[in-house]
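One-letter residues, chain by chain:
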2 protein chains.
Amino acid sequence: MKIIQEVSLISVGSFEESKDWSIIRSEVRNAISLIVHPSGTLSFTINPTRHGNGVKPIKEACMIALKDRFGWRLETSINYATKSPGKVDATKVIDNYFFALEWETGNISSSHRAVNKLVLGLLRGVFLGAALVLPSRKLYPYLTDRIGNFEELEPYFDVWRAIRIEEGFLAIFVIEHDQVDSNVPTIIKGTDGRALI
Amino acid sequence: MKIIQEVSLISVGSFEESKDWSIIRSEVRNAISLIVHPSGTLSFTINPTRHGNGVKPIKEACMIALKDRFGWRLETSINYATKSPGKVDATKVIDNYFFALEWETGNISSSHRAVNKLVLGLLRGVFLGAALVLPSRKLYPYLTDRIGNFEELEPYFDVWRAIRIEEGFLAIFVIEHDQVDSNVPTIIKGTDGRALI
DNA sequence: TATGGATCCATA
DNA sequence: TATGGATCCATA
């Protein structure tokens, strides 16, 4: 899988220039590059059937790489002191602080929650930085309908940029397939939502 | 239907003390009170089957009342100048400004988008004020699974309270059934999502 | 094609 | 019971 864009949605303070971010960024880039399809190949080729590919397996390889190669923790429950929202997909601990990563291939509305959650962690000071990974609009049509995608979230960026925060960093990685090929198998869909009809 | 709580999530400026808000508030309260089930009765009685009631018809009566009795516009497309997100459920025009209302019975993640959208309208200055209507956690178990509900959104309030804004007002109305009765029919579900399995 | 939604799933 | 998600629908 390739990264076609990186956006610093929130960058207050020096984290963006830190060594920590430089390392984390390269780990995330590296892990994303390890997502291939079909398995056994060296790049991510998608069958261009509209809404033809499920999203569940896509995240796998990236999460495994973050965990096994770079020592991240997966599905971390975050304690925000009081009433805490749930988990984030992956975290890396740096000097007793968390860097949090959310992989967003749920519904686009779920992407709003994901960003809100990362922002909350920054506000509470439990995250030093955070990142969201989501598909480009070019990949979007081939995946389960209404999956979160960069272009549809972008009009809301001003909301998060208006957050009053003392320190915090939030990056967005936009991912896309490397090639299109009707001969590769589609990615299997789960039984969620309305899949069984 | 009854309103069990009203929260001023954002209140910067004088809108909350204005005559406009006093009128709009009473219109919204009035419209919500007109939601009944089964139809023909005088209150909202729900069949307490877990996940047994669809949400689509619930909004109906309220929207019709806002439109027919109080002159609101439904499904208003909002022009936020540049890249604009879509529509809000209902708007009332006051001195060339909009008051916007979102009725949230989509997935809880969709409630995040709804608030983000209202906030964006406030930031852009196209809304003078805004309101979100959503079910209480007590009503929640009887509706389609994972519907937006107040208690699950509440942990995120600090995110929206941290928005840097010069002027704006955002209220949340929490609604609930008046009675529970196993003898009333369940509210019909649509064919959306995974309904047909 | 684009956007808000409605529905049910998986897992702790 | 609680939470993040995955899936397909309806409509303009």
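Just above sits the structure.
The structure contained in this document is the topic of the report that follows.

Conventions adopted
- Residues numbered from 1 in each chain as written.
- Chains lettered and ligands numbered in written order.
- Predicted model: local features only at pLDDT ≥ 70, side-chain atom pairs only at ≥ 80, totals over all residues.
- Heavy atoms only, no water.
- Phe/Tyr/Trp six-rings, centres within 6.5 Å; stacked < 30°, edge-to-face > 60°.
- Helix = DSSP H or I, 4+ residues; strand = E, 2+ residues; numbered from the N terminus.
- Buried < 20%, exposed > 50% of the residue type's maximum accessible area, 1.4 Å probe, protein only.
- Expected span 1.5 Å × (residues − 1).
- Polar contact = N/O pair within 3.5 Å; in protein donor to acceptor, adjacent residues only side chain to side chain.
- Axes fitted to C-alpha atoms, helices over the stretch in contact; angles between N-to-C directions.
- Parallel < 35°, antiparallel > 145°, perpendicular 65-115°, else oblique.
- Left-handed = near helix turned anticlockwise from the far one by under 90°.
- Contact = heavy atoms within 4.5 Å.
- Arc of directions from axis to C-beta.
- Pairing = 2+ DSSP bridges.

### Some points on the packing of aromatic side chains
Residue and element names in this part refer to chain A.
- For the structure on display, the rule yields 18 aromatic pairs over all chains.
- Judged by centre distance (6.3 Å) and plane angle (50 degrees), the rings of Trp21 and Phe173 are tilted. Within this pair, whereas Trp21 is found in helix 1 (residues 19-33), its partner Phe173 is found in strand 7 (residues 168-176), the two being separated by 152 residues in sequence.
- When its relative accessible area of 0% is taken as the criterion, Phe173 is described as buried.
- Through a chain of ring-to-ring contacts, three or more aromatic side chains come together here, namely Phe15, Trp21, Trp72, Phe99, Phe169 and Phe173.

### Section: helix 3 (residues 108-124) of chain B
All names here are of chain B.
- Given a rise of 1.5 Å per residue, 17 residues ought to cover 24 Å, and the 25 Å separating the end C-alpha atoms of helix 3 matches this to within 8%.
- The buried fraction of helix 3 amounts to 14 of the 17 residues, a majority that puts the element mostly inside the structure.
- Where helix 3 begins, one side-chain oxygen reaches toward the backbone nitrogen of Ser109, 2.9 Å away; that side chain belongs to Asn107.
- Backbone geometry just downstream of helix 3 places Gly125 in the positive-phi region, at approximately 75 degrees.

### Section: the packing of helix 1 of chain A against helix 2 (residues 56-68) of chain A
Residues and elements named next belong to chain A.
- For the pair helix 1 and helix 2, interaxial distance at closest approach is 8 Å and the crossing angle is 135 degrees. Taken together, the axes of helix 1 and helix 2 lie oblique to each other. Crossing angle aside, the handedness with which helix 1 passes helix 2 is right-handed. Between helix 1, through Glu27, Val28, Ala31 and Ile32, and helix 2, the contact on the second element is made entirely by Cys62, Ala65 and Leu66.

### Examining helix 1 of chain A
All names here are of chain A.
- Compared with an ideal rise of 1.5 Å per residue, which puts 15 residues at 21 Å, helix 1 spans 21 Å between its outermost C-alpha atoms and is within 8% of the ideal.
- For helix 1, the complete set of buried residues consists of Trp21, Ile24, Glu27, Val28, Ala31 and Ile32. The buried residues of helix 1 all sit within an arc of 130 degrees when viewed along its axis, so they share a single face.
- Lining the buried residues of helix 1 we find strand 1 (2-12), helix 2, strand 4 (87-94), strand 5 (97-103), strand 6 (127-135) and strand 7.

### A few points about the side chain of Thr105(B)
- Its location among the elements puts Thr105(B) in the loop between strand 5 (97-103) and helix 3.
- We classify Thr105(B) as buried; its relative accessible area is 12%.

### Focus on the sheet that holds strand 1 (residues 2-12) of chain B
Residues and elements named next belong to chain B.
- Across the sheet, 6 strands lie side by side as 1-7-6-5-4-3; this open sheet has mixed pairing. The open sheet has two edge strands with one neighbour each: strand 1 and strand 3 (73-77). Ignoring strand direction, the axes of neighbouring strands in this sheet form an average angle of 30 degrees.
- Here 6 bridges tie strand 5 to strand 6 (residues 127-135), and the two strands are oriented parallel to one another. Pairing of Phe99 across the sheet is with Gly129, part of strand 6.

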